Amino acid sequence: MKRDDAKRRKSRHDIDLSRRAFLGSAAMLTAAGSLLGTPGVAGAVPKPNLAGPLAGNRRRNQAFRARVESANFNHHLPIPAHPTNGDEALYPDRIGSYSKGLPHNSFGEVDMVAYNAFMRACATGLPADFEAIPLGCPNPAQQMKLVNPQAGLAFDLEGTDSHQFTMRAAPAFASAEEAGEIVENYWMALLHDVAFTDYGTSPMVQDAADDLSAMSDFRGPKVGGNVTPETLFREDVPGGLMGPYISQFLWRPAPFGAEYVEKRMRTVAAGVEYMTAAADWLDVQNGCKPAGPQFDPTRRYIRNGRDLSQWVHIDVLFQAYFDAALIIMTPPDATDTVTGGGIGCPPNPGNPYIGSQTQEGFGTFGGPYFATILAEVSTRALKAVWYQKWFLHRRLRPEAFAGHIHHKIASGRNYSIHDDVLNSDALAEVFSEHGTYFLPMAFPEGSPLHPAYGAGHATVAGACVTILKALFNETFPVANPVVASADGLSLVPYVGPDAGSLTVGGELNKLAVNVAFGRNIAGVHWRTDGGESMRLGEALAISILRDQRACYSEVFGGFTFTKFDGTTITV
């Protein structure tokens, strides 16, 4: 009996301690808000840990307080609106929504019993309801599975909750913006085998630029109101329109401890496109897994859209950014005749160990921290975008939209598709080459089995690049830039007029675009999937940096860097 009373007293004491800590942190946050801005906006951050060594209950209570302050800050963020394009409600047959992997009729229109089961699972979130979704491949041995929808419901213990981030509504099925984006996808496919170094002289590249310029609502970067070969398939972020199409971090070898990572890759055979026949397209929409791709026997540096598509087909989640970190922080080394070392970029000027006479960073603000935070932010980025994909937007993939274009023209289906794409040169060119209007795909299986918007690759890209810009001096020049030869067999010096103007920040931004838009070039994502998801990843990374800042013992003024929109932020 006495033991039970003691347990109850201890439990009550723990509750009182938790309550006092929470109320104390709430008062502190309110005070911070009055000085620095409304709680929930940039500036009203949790109090940094400058308490020094503590022991026993004092340390435990300080750790608890830090977590409560961070949680309280995130709790006071405004609940965002989550706009959607309205297609799911507008079309009773769900023609404007994601349905890949479910059963479809011969026109690729989803079976409504299966779609309603899918919607029920998204509404309840119950694992049993996800298990009850009917899948569409007649051969169970070939059936591809829906990719991890329940990740969008997971909580995390660092950064803002995944449901607190928002994205603009995706372009609507019948909109001119959607038409402009699918026309871009068609041209990306048509130009799979044209070397990026040949974009300035290729007649087909100029045709693509002219066709996109004629779209009534194409939102890619332009010069004087027109798309040009120099802006084609790019994104207008700081540094994104300068230098070669491919970031230096995808070409330069990466010093990896005593090993190194050479960037010649195993690419796929030229001229091979997938899903351009009706039967193949329908099988893939039903979730049937086809045979694998045909490979090029020669390893090459990324030189064209097909190579970039294959690179983002099988990359490890944060591979590009881990390689970039190795290149950035490794000093040049003339004795290394293989890699030449890295570029030796210094840390962000805000790093508290710059100028220290007795210490250097390691577990905080040093090499191991720089490397491991990239993995840390990546999984959280996926949870954030998986909520957007499965539980909000459910945007159909470009391959599905192109299939609807084909069946509108070839089968007379009454779909509300904008005239911009129906009258485009891209559509005529695809039909001339393949005899159908399906989108030629770089991957045999087409897109993975999850909705298009947002994009996982692009969200991770935005998050990881934001972290790297926060950790390193983004203004540091990238000396001796290179470019892949047109055959992809060698790297040669880049001698363009802006060769001396490339920076770490610009090439990191370009790296994010390369990975995001590489998925577009493969045909599995849209322009808005890439650009908007990069910004989602950026917001997620900023929230994690903010939470981590409150945990350091070092005197630290914050992370200062340039966002994708060109503005400067200190976190």
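**Student:** I would appreciate a short explanation of the packing of helix 6 (residues 176–190) against helix 7 (residues 203–213) in the present structure.
**Tutor:** Their axes nearest at 10 Å, the elements helix 6 and helix 7 cross at an angle of 175°. What the angle tells us is that helix 6 and helix 7 run roughly antiparallel. In contact with Gly 180, Val 183, Glu 184, Trp 187 and Leu 190 of helix 6, helix 7 contributes Met 204, Asp 207, Ala 208, Asp 211 and Leu 212. Per-class residue counts for the contact of helix 6 with helix 7 are six nonpolar, one polar and three charged.

**Student:** Any chance you could explain the confidence of the model for the chain here in plain terms?
**Tutor:** Any segment with low pLDDT has predicted coordinates that should not be analysed in fine detail. Of the residues in the chain, 91% reach a pLDDT of 70 or more, and the chain-wide mean stands at 91. Predicted confidence is poor over residues 1–43, with pLDDT under 50, and the contacts of this stretch with residues over four places away or in other chains come to 34 contacts.

**Student:** Explanation requested: helix 6 in the structure shown.
**Tutor:** Helix length check: helix 6 (15 residues) gives 21 Å between terminal C-alpha atoms against 21 Å at 1.5 Å per residue, within 8%. Along helix 6, 15 of the 15 residues are buried, which leaves the element largely enclosed by surrounding structure.

**Student:** When you look at the pattern of salt bridges in this model, what are you seeing that I'm missing?
**Tutor:** When the charged atoms of two side chains with opposite charge come close together, those side chains can pair. Per the counting criterion, the structure on display carries 25 salt bridges. Its salt-bridge partner being Arg 527, residue Glu 235 comes within 2.9 Å of it at the nearest N-O pair. With Glu 235 in the loop between helix 7 and strand 1 (254–256) and Arg 527 in helix 17 (residues 527–549), this residue pair connects regions lying 292 residues apart in the sequence. The burial state of Glu 235 is the same as that of Arg 527; both residues are buried.

**Student:** Could you clarify how one ought to interpret the state of the cysteines in this entry?
**Tutor:** Each disulfide is one covalent bond, formed between the sulfur atoms of two cysteines. Tallied over the entire structure, the rule returns one disulfide. Disulfide pairing is shown between Cys 137 and Cys 288; the S-S distance is 2.1 Å. One quick way to see it: the torsion about the S-S bond of Cys 137 and Cys 288 is about 110°, and its sign makes the bridge right-handed. With a gap of 151 residues between them, Cys 137 in the loop between helix 5 (127–131) and helix 6 and Cys 288 in the loop between helix 8 (278–285) and helix 9 (305–314) connect regions that are remote in the sequence. Each member of the pair Cys 137 and Cys 288 is classed as buried. For the unlinked cysteine Cys 464, the closest cysteine sulfur is that of Cys 345, found at 17 Å. Between Cys 551, a free cysteine, and Cys 464, which holds the nearest cysteine sulfur, the sulfur-to-sulfur gap is 20 Å.

**Student:** Please clarify how the nonpolar core should be interpreted in this entry.
**Tutor:** Taken as a class, soluble globular proteins show a tendency for nonpolar side chains to be buried jointly. Tyr 186, Tyr 321 and Phe 559 are the most contacted members of the largest nonpolar core, which has 151 residues in total. The leading source of residues in this core is helix 11 (residues 367–393), at 14 residues. Those residues within four positions of Tyr 186 in sequence are excluded, and the remaining contacts are Ala 402, Ile 405, Val 421, Ala 426, Leu 427, Val 430, Tyr 437, Phe 438, Leu 439 and Pro 440.

**Student:** Would you take a moment to explain the side chain of Ser 213 for this structure?
**Tutor:** Turning to its location among the elements, Ser 213 is positioned in helix 7. Separated by 2.8 Å, the side chain of Ser 213 and the backbone nitrogen of Val 227 make a polar contact. Once residues within four sequence positions are removed from consideration, Ser 213 is found in contact with Asn 226 and Val 227.

**Student:** Teacher, can you tell me more about helix 12 (residues 398–411) here?
**Tutor:** Side chains three or four residues apart in an α-helix point the same way, a direct result of the helix having 3.6 residues per turn. Here helix 12 is 14 residues long and its end C-alpha atoms lie 19 Å apart, about the 20 Å a rise of 1.5 Å per residue gives. For helix 12, the tally of buried residues reaches ten of 14 residues, placing the bulk of the element in the interior. Residue Gly 412 follows helix 12 closely and has a positive phi angle near 75°.

**Student:** Sorry if this is basic, but what is going on with unusual backbone geometry here?
**Tutor:** A negative phi angle is the norm for most residues apart from glycine, just as the trans form is the norm for most peptide bonds. For the bond from Tyr 453 to Gly 454, the omega torsion is -5°, close enough to zero to count as cis. Tracing the sequence through the fold places Gly 454 in the loop between helix 14 (425–434) and helix 15 (456–471). Phi is positive for Phe 233, close to 60°, though the residue is something other than glycine. Its location among the elements puts Phe 233 in the loop between helix 7 and strand 1. Despite not being glycine, Asn 480 shows a phi value in the positive range, around 50°.

**Student:** Would you take a moment to explain the environment of Cys 551 for this structure?
**Tutor:** Considering the arrangement of structural elements, one finds Cys 551 in the loop between helix 17 and strand 5 (560–562). For Cys 551, a relative accessible area of 52% gives the class exposed. In this structure the C-alpha to C-alpha distance between Cys 551 and Ala 63, which are 488 residues apart in sequence, comes to 8.8 Å.

About the cut-offs
Residues numbered from 1 in each chain as written. Predicted model: local features only at pLDDT ≥ 70, side-chain atom pairs only at ≥ 80, totals over all residues. Heavy atoms only, no water. Axes fitted to C-alpha atoms, helices over the stretch in contact; angles between N-to-C directions. Helix = DSSP H or I, 4+ residues; strand = E, 2+ residues; numbered from the N terminus. Parallel < 35°, antiparallel > 145°, perpendicular 65-115°, else oblique. Contact = heavy atoms within 4.5 Å. Nonpolar A, V, L, I, M, F, W, Y, C, P; charged D, E, K, R; others polar. pLDDT = per-residue confidence, 0-100. Expected span 1.5 Å × (residues − 1). Buried < 20%, exposed > 50% of the residue type's maximum accessible area, 1.4 Å probe, protein only. Salt bridge = Lys/Arg side-chain N within 4 Å of Asp/Glu carboxyl O. Disulfide = S-S within 2.5 Å. Core = buried A, V, L, I, M, F, W, Y, C linked by side-chain atoms within 4.5 Å. Polar contact = N/O pair within 3.5 Å; in protein donor to acceptor, adjacent residues only side chain to side chain.

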